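# Chain and residue survey
Below are the chains, spelled out letter by letter.
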Amino acid sequence: MWLSWDLRALGVTTSVVTPATGEPVLEIMSAAGIRLRIRVVHRAWGWVFIWRPWWSVPWRRGERVWAEADNVADMIVAAMAR
């Protein structure tokens, strides 16, 4: 939830999507209408936020940022601009 508030402070619309089946995701939309769904995944070395999974764009690998990073919201907003 802290990520949602940090993104809102940067002017990004956020909502938590809790599907009937599957994991909850944080859905964000920029002013330009770009929509991303962000998942949190636990790896052996820590928690990671992941968006644009590898299957969404064949020539780009999945994008991710460590949950403990100081500038998580800034990195996600920068990725939306690409």
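What comes next is a walk through the structure.

The rules behind the values
Residues numbered from 1 in each chain as written. Predicted model: local features only at pLDDT ≥ 70, side-chain atom pairs only at ≥ 80, totals over all residues. Heavy atoms only, no water. Pairing = 2+ DSSP bridges. Helix = DSSP H or I, 4+ residues; strand = E, 2+ residues; numbered from the N terminus. Axes fitted to C-alpha atoms, helices over the stretch in contact; angles between N-to-C directions. Contact = heavy atoms within 4.5 Å. Buried < 20%, exposed > 50% of the residue type's maximum accessible area, 1.4 Å probe, protein only. Phe/Tyr/Trp six-rings, centres within 6.5 Å; stacked < 30°, edge-to-face > 60°. Lys NZ or Arg CZ within 6 Å of the ring centre and 35° of its normal.

Before going further, it helps to examine the sheet that holds strand 1 (residues 13-17). Read across the open sheet, the five strands follow the order 1-2-3-4-5; overall the sheet is antiparallel. The open sheet has two edge strands with one neighbour each: strand 1 and strand 5 (63-66). Strand-to-strand twist across the sheet, computed as the mean angle between neighbouring axes with direction ignored, equals 25 degrees. As paired elements, strand 3 (residues 35-43) and strand 4 (residues 46-51) share five bridges and run antiparallel to each other. Bridge pairing in strand 4 places V41 opposite V48. The strands that helix 1 (residues 2-9) touches are strand 1, strand 2 (25-29), strand 3 and strand 4; relative to strand 2, the one it contacts most, it runs at about 5 degrees. Along the sheet face, helix 2 (residues 72-80) touches strand 2, strand 3, strand 4 and strand 5 and points at about 165 degrees away from the line of strand 5.

Across the five residues of strand 2, four count as buried, placing the element largely inside the fold. When strand 1 meets strand 2, the two strands line up antiparallel, connected through five bridges. Paired with V16 across the two strands is L26, which belongs to strand 2. Relative to strand 3, strand 2 is paired through four bridges, and the arrangement is antiparallel. Residue pairing across strands places L26 opposite I38, the latter belonging to strand 3. Remark: five residues form the turn of the hairpin made by strand 2 and strand 3, two consecutive strands paired antiparallel; G33 in that turn has positive phi of roughly 90 degrees.

A few words now on the packing of aromatic side chains. A full pass over the atoms with the stated rule returns two aromatic pairs. On the basis of an interplanar angle of 70 degrees and a centroid distance of 5.8 Å, the ring pair of W2 and F49 is categorised as edge-to-face. Taken as a pair, W2 in helix 1 and F49 in strand 4 lie far apart in primary sequence, 47 residues in all. Seen from the ring of W5, R8 lies directly overhead, with NZ or CZ sitting 6.0 Å from the centre.

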